[in-house]
Amino acid sequence: MSLLSPAKTDLERWLLRRGVGALVADRSRCASCRRTPLVGEEVYFYESGRDSGRMLCALCRSQRRETPVACEHVRSPEWGHAVRPAAAA
């Protein structure tokens, strides 16, 4: 026997979908395969071509012959939010 009413279950599903949708909207994706790169993976940026100004993941980089303009490591969402000791006054 279920303790939740159908209306309550629908609300929970709606809230879950909304939360997941918000998380997905904030992610960077590869311009070629639309995959979200993993933390620690290198991503590459190109200046010209059909992926102009866009990011490509390490897996899709082999499809491009030209040299990337920039290369960065994907960082975790917590990066940059650490508490750091302040300089002594």
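One structure accompanies this document, and this report is about it. Computed from a predicted model, the values in this text were never measured in an experiment.

## A look at the overall build of the protein
Line of reasoning, step 1. When its secondary structure is counted, the protein shows one helix and three strands.
Line of reasoning, step 2. Of the regular secondary structure in the protein, the N- to C-terminal order runs α-β-β-β.
Line of reasoning, step 3. Counting across all 89 residues of the protein, residues that qualify as buried make up 16%.
Line of reasoning, step 4. Once local pairs closer than 6 in sequence are excluded, the contacts in the protein between residues at least 24 apart make up 44%.
Line of reasoning, step 5. Counting only carbon and sulfur atoms, one obtains 56% of the accessible surface of the protein, whose full area is about 7500 Å².

## Regarding the sheet that holds strand β3 (residues 70–73)
Line of reasoning, step 1. Ordered by their spatial adjacency, three strands build an open sheet running β2-β1-β3, and the pairing between neighbours is antiparallel. The open sheet has two edge strands, β2 (55–57) and β3, and neither has a second partner. Looking at each pair of strands side by side, their axes are set apart by 30° on average, direction ignored.
Line of reasoning, step 2. In the sheet, strand β1 (residues 42–45) pairs with β2 via three bridges, with the strands oriented antiparallel. Bridged to Y44 within β2 is L56.

## Points about the side chain of E41
Line of reasoning, step 1. With respect to the helices and strands, the residue E41 is situated in the loop between α1 (6–25) and β1.
Line of reasoning, step 2. Judged by relative accessible area, E41 falls into the buried class, the value being 14%.
Line of reasoning, step 3. Reaching out from E41, the side chain makes a polar contact with the side chain of R35 at a distance of 2.6 Å.
Line of reasoning, step 4. If we ignore the near neighbours within four places in the chain, the residues touching E41 are R35, C57, A58, E72, H73 and V74.

Analysis parameters
- In this numbering scheme, every chain counts its residues from 1 along its sequence in written order.
- This being a predicted model, a pLDDT of at least 70 is required before a residue's local features are given, and a value of 80 or more before pairs of side-chain atoms are given or counted; all residues contribute to the totals for chains, interfaces and linings.
- As a rule here, side-chain values cover all heavy atoms of the structure and leave hydrogens and water aside.
- Helix and strand definitions here come from DSSP, where helices need a minimum of 4 consecutive H or I residues and strands a minimum of 2 consecutive E residues; each element is numbered from the N-terminal end.
- Exposure classes here rest on a 1.4 Å probe applied to the protein chains alone. A residue is buried below 20% of its type maximum, exposed above 50%, and partly exposed in between.
- Contacts are residue-level and defined by heavy atoms, with any inter-residue pair within 4.5 Å sufficient.
- Calculation of accessible area relied on Shrake-Rupley with a 1.4 Å probe; when residues are assessed, cover is drawn exclusively from the protein chains displayed.
- For two strands to be treated as a pair, DSSP must find at least two bridges joining them.
- For helices, the fitted line uses only the C-alpha atoms of the stretch in contact; every axis is such a line through C-alpha atoms, and the angle between N-to-C directions lies from 0 to 180 degrees.
- Any N or O atom pair separated by 3.5 Å or less is treated as a polar contact, with the protein-specific requirement of one donor-capable and one acceptor-capable atom, and with residues adjacent in sequence counted only for side-chain atom pairs.

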